[in-house]
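Here are the chains, one letter per residue:
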There are 2 protein chains.
Amino acid sequence: MMDKATQLLNPMKVQDDMEVNKPDTATRILDVAERLFVEHGFEATSLRMITQQAEVNLAAVNYHFGSKDALFESVFMRRIGPFVAACLAELDALEQSGQALTAEALVLTFIKPCLMLSKDPTKGGALFVRLMSRTLVENHRLLREALNQQYSVFVQRYTSAFQAALPQFETEDIAWRMHFAFGVMFNAFAGNDVLKIFVRSQVVSARDPDMVVKHLVPFVVAGLTAPV
Amino acid sequence: MMDKATQLLNPMKVQDDMEVNKPDTATRILDVAERLFVEHGFEATSLRMITQQAEVNLAAVNYHFGSKDALFESVFMRRIGPFVAACLAELDALEQSGQALTAEALVLTFIKPCLMLSKDPTKGGALFVRLMSRTLVENHRLLREALNQQYSVFVQRYTSAFQAALPQFETEDIAWRMHFAFGVMFNAFAGNDVLKIFVRSQVVSARDPDMVVKHLVPFVVAGLTAPV
DNA sequence: ATCAAATTAAAACGTAAGTTTCAAACGCTT
DNA sequence: AAGCGTTTGAAACTTACGTTTTAATTTGAT
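Residues numbered from 1 in each chain as written. Chains lettered and ligands numbered in written order. Predicted model: local features only at pLDDT ≥ 70, side-chain atom pairs only at ≥ 80, totals over all residues. Heavy atoms only, no water.

Let's shift gears to the nonpolar core. Of all hydrophobic cores here, the largest spans 156 residues; its most connected members are L71 and F110 of chain A together with L71 and F110 of chain B. Residues in contact with F110 of chain A, not counting those within four places in the same chain, are F83, C87, F154, Y158, F182, M185 and F186 of chain A. (Core = buried A, V, L, I, M, F, W, Y, C linked by side-chain atoms within 4.5 Å. Buried < 20%, exposed > 50% of the residue type's maximum accessible area, 1.4 Å probe, protein only. Contact = heavy atoms within 4.5 Å.)

The subject of this paragraph is the packing of aromatic side chains. According to the stated counting rule, one finds 30 aromatic pairs over all chains in the structure shown. Plain terms: the ring middles of F42 of chain A and F72 of chain A are 5.3 Å apart, the flat faces sit at 80° to each other, and that makes the pair edge-to-face. Placement of F42 of chain A in the loop between α3 (25–40) and α4 (47–54) and of F72 of chain A in helix α6 (residues 68–97) is noted, with a sequence separation of 30 residues between them. Taking the relative accessible area as the measure of exposure, F42 of chain A reaches 7% and is therefore buried. The buried category is assigned to F72 of chain A, whose relative accessible area is 4%. Three or more aromatic residues link up through ring pairs in this structure, and these residues are F83, F110, F128, Y151, F154, Y158, F162, F182 and F186 of chain A together with F198 of chain B. (Phe/Tyr/Trp six-rings, centres within 6.5 Å; stacked < 30°, edge-to-face > 60°. Helix = DSSP H or I, 4+ residues; strand = E, 2+ residues; numbered from the N terminus.)

Sites flagged by UniProt as "DNA-binding region" (unreviewed entry) map to residues 46–65 of chain A. Counted over residues 46–65 of chain A, helix gives 75% and strand 0%. Its end C-alpha atoms are 15 Å apart. (UniProt positions renumbered as here; feature names shortened; annotations may be inferred.)

In this section: the side chain of T135 of chain A. Mapped onto the fold, T135 of chain A is located in helix α8 (residues 127–138). Not counting residues up to four positions away in its chain, the partners in contact with T135 of chain A are F72, F76, H140 and L143 of chain A.

In this section: the relation of the copies chain A and chain B. Once chain A is rotated about the relating axis by 180° and shifted along it by 0.0 Å, it coincides with chain B to within an RMSD of 0.1 Å. Within this description, the copies of the chain are treated as partners about a two-fold rotation axis. (Least-squares fit on C-alpha atoms with pLDDT ≥ 70 in both.)

This brings us to the interface of chain A and chain B. Interface extent is often summarised as the accessible area lost during association of the parts. The interface is formed by 54 residues belonging to chain A together with 54 residues belonging to chain B. Each partner contributes to the roughly 5,600 Å² buried at the junction of chain A and chain B, and carbon and sulfur atoms together form 75% of this total. Its largest share of buried area at the contact with chain B, chain A owes to W176, F198 and F219 of chain A, together 15% of the area lost on that side. Our count for the contact surface shared by chain A and chain B stands at zero salt bridges. Secondary-structure elements contributing two or more residues to the side of chain A that touches chain B are α6, α8, α9 (141–165), α10 (171–190) and α11 (209–225) of chain A. Per-element accounting of the side of chain A that touches chain B gives the leading share, 15 residues, to α10 of chain A. Residues belonging to the side of chain A that touches chain B are distributed by class as follows: 36 nonpolar, eight polar and ten charged. (Buried area = accessible area lost by both parts, 1.4 Å probe. Salt bridge = Lys/Arg side-chain N within 4 Å of Asp/Glu carboxyl O. Nonpolar A, V, L, I, M, F, W, Y, C, P; charged D, E, K, R; others polar.)

Let us now look at unusual backbone geometry. Residue and element names in this part refer to chain B. For E55, which is not glycine, the phi torsion reads 55° and is therefore positive. Tracing the chain through its elements places E55 in the loop between α4 (47–54) and α5 (59–64). Owing to a relative accessible area of 60%, E55 belongs among the exposed residues under this scheme. Of note in this structure, N139 is not a glycine but carries a positive phi near 60°. Structurally, the position occupied by N139 is in the loop between α8 (127–138) and α9 (141–165). With a relative accessible area of 39%, N139 lands in the partly exposed category.

The subject of this paragraph is the environment of G183 of chain A. Inspection of the secondary structure assignment puts G183 of chain A in helix α10. In this structure G183 of chain A comes out as buried when scored by relative accessible area, which is 13%. Considered as a pair, G183 of chain A and V220 of chain A are 37 residues apart in the sequence and their alpha carbons are 9.9 Å apart. Leaving out residues up to four positions away in the same chain, G183 of chain A has contacts with M178 of chain A together with V194 of chain B.

Written out as structure tokens, the structure is:
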């Protein structure tokens, strides 16, 4: 298997393809797998569904990724790194800007990357947050280990920042509020709507990311800053 | 197959059992299936896992419920009806009590049934809300149809109530806030914690329902009543 | 042009899934 | 006690899954 670094050094390869802009096999698998994992979940998505829609051979998955488990990990890891990095960059920028460290400003450091991703199809679009959401409830063992080791800094940074922004609250209160706040935000961008179980067409279903943010920010900020 | 009504007329049957308090086959299947569906999801739970743990024969599932799909529907429907009824009863009680129709009071009409269920193992305990949560993201087609027809009144009643409690907001704003509010509440009781993906032990993980409520109510009420 | 490595293709493998079958056991009425 | 509908039990069936194997093909460097 040729590694990514080698591929990037030879971009002419794609020009030889008959079909223009058709990504290589591994990328096509990742793209289709991401969409199907989000739509149907990990277990309900078969390698045959993936390879058919990606127009690649069945064996290509095991050749490029090793196993279905490893494919899922690759799908997830492709997105999580850049996303966390974007959030931390926003945090850095805010802290070094000299602006007041308010709850709203902190919320926006998370929302802006979400919004950016939601609008960029090449970065998985709105699919990524939905993938996170599904991953959360499906609770993959392997993923937990890797994420704990690599991205615990994400929570630590936000915890410190919120403690600085909301000094009037105790650590435990802040933990609860962060728990709720990130929950709402993730579910909002993922389009999870409990009420949609019961009624057919909610206004909320038309999920324009900008509209989500417009209503989401006041709600979350109010929750975070509410008196105990 | 003997129907439930007939069974209830013959309670002596259980007394004949060697093992005391051992529910009948169908109930044992429902109980185990509920737990496994919550823990592993619908697709990842096999009928063989269920029947082994329930100590019943494999064919019993198809005999009593018809199919795995139908079993899931039975598992879900056993809980949703009483839960919605409990919420509506709280709503009725509140509206007829003459108390002020505040956002907090409305929130409590939802939270009290959640809390009640969470503490009653015979009613599925905390499992039910987690089942709702998983069902939401797994998005079963069959279930949607049934729920839309039966329980749209749930959303309608709460929508009317919140419109009365928050007359200063427009209908669309209220729809968004309800969307967020019910999302937080469901996820709180379901124990879904996005941050738990990144760090091993959150305080929130120790999920005492009373603690959840204590922190949840101020957060949700603040979000619902925040100025636009 | 040639050769070795990387990739793709087709087929088969072993396993586990949901479902079905049919006989045995049980429970209730007569 | 007999008979009949209900329930349970053990086994087999069909299908689909993830994976492996082997050969064909393509690719890139010599």
